[in-house]
Amino acid sequence: MTRFVLRRILAAIPIGLIVTLGVFALVFAMPGDPLRELAGDKPIPAAVLAAKRAQFHLDDPFIVQYLLSMKDMFTGHFGTTFAGADIASQLRLRIPVTLKLATLSLALQWIAGLLFGLYAGFRRNGVVDRMLLLSTLVVLAVPGLVLYFAGQFLFGVQLKWLPVSGITEGYPLAYLLPATCIAITGFAGMARLTRTSIVDTANADFVKTARAKGLGEQRILWRHVLPNALLPVVTLMGIDFAGIFAGAVLAESIFNLPGLGQFLFQSIRFHEGGVVVLLSTLAFVMFIAINLVVDIVYGFIDPRVRNV
Amino acid sequence: MTTGEVLLEVDDLTVEFDTPHGRVRAVDGVSWQVRAGETLAILGESGSGKSVSTQALTGILEMPPGRIVSGTAQYRGQDLIAMTTRERRKIVGDRITMVFQDSLSALNPVQSVGKQIAECYRVHRGLSKGDAMKRAAEMLDQVRIPAAAKRVNDYPHEFSGGMRQRVMLAMALALDPDVLIADEPTTALDVTVQAQILELIADLQAERDMGVVLITHDLGVVADVADNVVVMYAGHVVERAATSAALEHPVHPYTEGLLLSMPSAELKGQELPTIPGTPPSLRAIPSGCAFRTRCPIAVPECALEVPPLLTVAPGRDAACIRRTSISAKEAV
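It should be emphasised that the depicted structure is a prediction, and the values quoted were computed from it without experimental measurement.

Student: Any chance you could break down the overall build of chain B for me, citing the residues and the numbers?
Tutor: Each helix and strand counted, chain B has twelve helices and twelve strands in total. Scaling as 2.2 N^0.38, a compact globule of 332 residues should have a C-alpha radius of gyration of about 20 Å, and chain B matches this with 21 Å. Based on the C-alpha atoms only, the size of chain B along its principal axes is roughly 65 × 50 × 40 Å. For chain B, with 332 residues in total, the buried portion stands at 52%. Within chain B, one finds 32 positive and 41 negative side-chain charges whose respective centroids are separated by 6 Å.

See below:
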């Protein structure tokens with residue numbers, strides 16, 4: 001087990017290098033001068049501009065800029081944004097916001113996905129099953145962006161049930177609408193996978209064997225159907241969990257939640273390569289860590305992929 | 001040999017399926033019985049209804065779409081089909097057990113084999129976890145799995161095909177059943193392993209005086225181990241006889257065709273005779289005798305009605321209007 005974890009962490013290092021280099025290159029390649037854009041139409045004295053350029057190493061070659069950002073990151077000197085905000089304190093303020101949003105949306109998505117998926121799987125072709133298939137098809141066909149704006153307009157602007165944007169209303173009220181929007185997009189795939197997996201497993205030969213053993217339906221369900229049917233669902237949960245940052249970028253920007261996703265979005269707009277790489281690395285490390293945890297958990301629930 | 005008590009007696013069993021294309025009769029008026037110590041082979045090709053009939057009477061057939069239209073299946077005088085699921089669970093899984101073809105998919109992949117065998121003792125005998133696992137290990141030893149005490153905690157994918165089928169057998173025989181229904185137990189195995197498994201079944205059967213219903217499409221297997229054979233075609237029983245009698249003097253033209261198409265040393269170098277045509281789709285079974293479209297001795301009358309299963313000689317039944325007695329066959 002220790003060997004397995006170590007191997008995975010070692011394998012993550014070259015991938016991390018490629019990811020950070022790629023992300024930095026993409027920001028570097030963006031057209032326009034970041035500092036001039038920051039200033040807008042106002043003229044900037046040449047001396048100020050030069051000082052700023054030197055502070056952020058903007059005139060150094062690409063690879064030097066990249067290495068300097070990496071050095072700052074690993075030594076914990078995150079520095080400031082172009083606009084002068086302290087990045088470390090920004091992270092301290094923003095991480096809880098994203099965590100709250102992520103946990104709430106994942107909880108909604110997993111609970112609803114599992115409940116509906118399980119119910120529909122066991123009552124296949126019933127009313128709930130048909131409704132689920134139809135509604136998830138609609139959700140899957142609607143892009144997340146449209147869903148977020150539609151949700152904001154309907155429940156925030158028109159019905160006034162929930163805050164339109166911002167976090168002044170606090171947790172959980174301010175987070176409910178964006179979290180629900182994220183949850184709905186993820187819920188569709190989750191419910192469908194759970195349903196299909198239950199249906200497949202219920203028809204498996206080993207369930208027939210269990211029946212031939214004279215076992216009761218409850219025992220067959222808990223000991224034979226569910227432990228097998230939920231294997232792919234656990235995988236999807238891991239992928240969802242790891243990918244929650246991607247959903248946060250969109251939702252936090254639209255609903256104006258001051259979390260990491262919004263920070264990333266703003267940093268990309270202002271060409272702040274260092275911040276983008278920092279946040280990408282954070283997302284990357286989280287992604288690797290969650291996948292590692294999922295793989296370890298998976299080994300416990302499925303002996304066929306047990307890692308030694 | 002076949003003088004033991006009748007353990008399981010199936011009478012006039014008919015099973016239908018509701019499909020999007022209409023109703024399909026997979027098993028039609030099937031009757032057979034198995035006695036203690038007897039091995040009864042149910043012989044037929046895919047789709048002949050041999051598995052469906054046993055799955056219907058043990059209650060493991062998906063219903064719907066399946067439906068038992070008529071028939072009884074008496075275990076020591078109690079009708080399995082008429083009884084409630086709860087009552088049936090006390091018999092199926094305890095007194096009547098089953099082994100399936102593909103042991104990899106028939107075993108739960110995420111549970112250790114020991115746990116799966118122990119489950120029988122836990123549920124039917126109320127044994128504690130520890131005792132049940134101990135018995136499971138003993139059972140693995142009885143089916144001759146080497147180092148059984150160690151392997152009891154292994155998972156199905158860690159066994160070879162032959163060993164896995166032994167695990168299936170250990171599970172089926174754990175509670176010392178009266179009747180073992182083996183549904184193509186050796187089809188997925190290679191020939192040497194197949195022989196070992198059949199031998200193992202025969203040995204365990206002799207020890208326990210158990211009735212065995214062996215479902216197979218393999219005439220060689222029938223010849224090796226079965227006392228009696230029931231030949232099925234398109235849901236009907238077409239011939240019922242002692243194995244030796246059926247192999248030496250097949251009465252029904254289908255049985256005859258099957259025997260002729262067996263490879264043998266005498267036929268070496270010659271083209272193997274086959275039964276012309278293919279088995280009928282269950283949605284379009286020919287009228288009258290289902291076999292008539294492929295039958296070398298069919299006459300127009302064969303299309304009129306389903307031939308009844310008639311006794312052609314003591315202990316021998318066949319469903320063919322051209323051959324209503326052994327002598328009639330010689331005359332053709």
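Student: Tell me about the sheet that holds strand β5 (residues 78-79) of chain B, and please be specific about residues and values.
Tutor: All names here are of chain B. Spatial strand order, β2-β1-β4-β5: four strands in an open sheet with antiparallel pairing. Since the sheet does not close on itself, it has two edges, and those belong to β2 (22-35) and β5, each with one partner. Looking at chain direction, strand β1 (residues 6-19) and β2 are connected through ten bridges and run antiparallel. By the bridge assignment for β2, E16 is matched with R25. The strands touched by helix α1 (residues 50-58) are β1, β2 and β4 (66-75); relative to β1, the strand with the most contacts, the crossing angle is about 105 degrees.

Student: Provide a residue-level description of the packing of helix α8 (residues 173-202) of chain A against helix α11 (residues 231-242) of chain A, including the pertinent values.
Tutor: All names here are of chain A. For the pair α8 and α11, interaxial distance at closest approach is 9 Å and the crossing angle is 165 degrees. By the criterion of interaxial angle, the relationship of α8 to α11 is roughly antiparallel. Taken as a pair, α8 and α11 cross one another with a handedness that is right-handed. Across the interface between the two elements, G189, M190, L193, T194 and S197 from α8 touch P232, V233, L236, M237 and D240 from α11. Here the contact of α8 with α11 is built from residues that sort into six nonpolar, three polar and one charged.

Student: Quick one: what's the story with the confidence of the model for chain B, residue by residue and with numbers?
Tutor: Atom-level detail of predicted coordinates should not be read off regions where pLDDT is low. Residue-level pLDDT values for chain B average 86, and 97% of them are 70 or greater. Model confidence for the complex: the whole-complex pTM is 0.77, and ipTM, which rates the interface, is 0.84.

Student: Provide a residue-level description of the sheet that holds strand β10 (residues 236-242) of chain B, including the pertinent values.
Tutor: All names here are of chain B. The eight strands lie next to each other as β6-β7-β8-β3-β9-β10-β12-β11, forming an open sheet whose pairing is mixed. Whereas interior strands pair on both sides, the edge strands pair on one side only; in this sheet they are β6 (96-99) and β11 (310-313). The sheet shows a mean angle of 25 degrees between the axes of neighbouring strands, taken without regard to direction. Alignment of β10 against strand β12 (residues 316-318), held across two bridges, turns out to be antiparallel. By the bridge assignment for β12, E239 is matched with A318. Sheet strands in contact with helix α7 (residues 161-173) are β6 and β7 (179-183), and its direction is about 170 degrees off that of β6.

Student: Please provide a residue-by-residue account of the interface of chain B and chain A, values included.
Tutor: With 25 residues of chain B at the contact, the number on the chain A side is 23 residues. When chain B packs against chain A, close to 2100 Å² is buried across both sides, 56% of that on carbon and sulfur atoms. Summed over the three residues of chain B that lose the most area to chain A, namely R89, V110 and E119 of chain B, the buried surface amounts to 26% of that side. In this structure, the salt-bridge partner of E119 of chain B is R219 of chain A, at a minimum N-O distance of 2.8 Å.

Student: How would you summarise the pairing of strand β8 (residues 211-216) of chain B if you had to cite specific residues and measurements?
Tutor: Residues and elements named next belong to chain B. Burial runs high along β8: six of the six residues are buried. By the alternation rule, side chains of β8 split into G211, V213 and I215 and V212, L214 and T216, which are all buried. Sheet analysis places strand β3 (residues 39-43) next to β8, joined by five bridges and oriented parallel. Counted as the bridge partner of A41 is L214 from β8. In the sheet, β7 pairs with β8 via five bridges, with the strands oriented parallel.

Student: Explain a nonpolar patch on the surface to me, using residue names and the numbers behind them.
Tutor: Together, M1, V293, V297, F300 and I301 of chain A make up a nonpolar patch on the protein surface, roughly 450 Å² of accessible area in all. Structurally, I301 of chain A can be placed in helix α14 (residues 273-301).

Student: Explain unusual backbone geometry residue by residue, including any values.
Tutor: Residues and elements named next belong to chain B. The backbone of R76 shows a phi angle near 45 degrees, a positive value even though the residue is not glycine. Checked against the element boundaries, R76 lands in the loop between β4 and β5. Take R76: its relative accessible area is 40%, and that puts it in the partly exposed class. Backbone geometry places E184, a non-glycine residue, at a positive phi of 45 degrees. Within the secondary structure, E184 is located in the loop between β7 and α8 (191-208).

Student: With reference to specific residues and values, describe the nonpolar core.
Tutor: Residue and element names in this part refer to chain B. Core analysis: the largest hydrophobic core is formed by 76 residues, its most contacted members being L8, W32, L80, I117, L140, L169 and L180. Contact partners of L80, with chain neighbours within four places excluded, come to L8, L57, A73, Y75, R88, I91 and I96. If you look at the next biggest cluster of nonpolar residues, it comprises 21 residues, including V222, A226, V229 and L258.

Student: Talk me through helix α5 (residues 129-142) of chain B; I want residue IDs and the actual numbers.
Tutor: Residue and element names in this part refer to chain B. Helix length check: α5 (14 residues) gives 20 Å between terminal C-alpha atoms against 20 Å at 1.5 Å per residue, within 8%. Regarding α5, the residues found buried are A132, A136, A137, M139 and L140. Considered in projection along α5, the buried side chains sweep an arc of 160 degrees and stay on one side of the axis. Pointing more than 90 degrees away from the buried face of α5 are the exposed residues K134 and D141. Here the buried face of α5 lies against α4 (113-125), α6 (148-151), α7 and α8. Phi for R144, located one or two positions after α5, is positive at around 65 degrees.

About the thresholds
- Residues numbered from 1 in each chain as written.
- Chains lettered and ligands numbered in written order.
- Predicted model: local features only at pLDDT ≥ 70, side-chain atom pairs only at ≥ 80, totals over all residues.
- Heavy atoms only, no water.
- Helix = DSSP H or I, 4+ residues; strand = E, 2+ residues; numbered from the N terminus.
- Rg over C-alpha atoms; globule rule 2.2 N^0.38 Å.
- Buried < 20%, exposed > 50% of the residue type's maximum accessible area, 1.4 Å probe, protein only.
- Lys, Arg positive; Asp, Glu negative; His and termini not counted.
- Charge placed at Lys NZ, Arg CZ, Asp CG, Glu CD.
- Pairing = 2+ DSSP bridges.
- Contact = heavy atoms within 4.5 Å.
- Axes fitted to C-alpha atoms, helices over the stretch in contact; angles between N-to-C directions.
- Parallel < 35°, antiparallel > 145°, perpendicular 65-115°, else oblique.
- Left-handed = near helix turned anticlockwise from the far one by under 90°.
- Nonpolar A, V, L, I, M, F, W, Y, C, P; charged D, E, K, R; others polar.
- pLDDT = per-residue confidence, 0-100.
- Buried area = accessible area lost by both parts, 1.4 Å probe.
- Salt bridge = Lys/Arg side-chain N within 4 Å of Asp/Glu carboxyl O.
- Patch = residues over 30% accessible without salt bridge, like charges linked within 9 Å, V, L, I, M, F, W, Y side chains within 5 Å.
- Areas by Shrake-Rupley, 256 points an atom, 1.4 Å probe, with all protein chains shown as cover.
- Core = buried A, V, L, I, M, F, W, Y, C linked by side-chain atoms within 4.5 Å.
- Expected span 1.5 Å × (residues − 1).
- Arc of directions from axis to C-beta.

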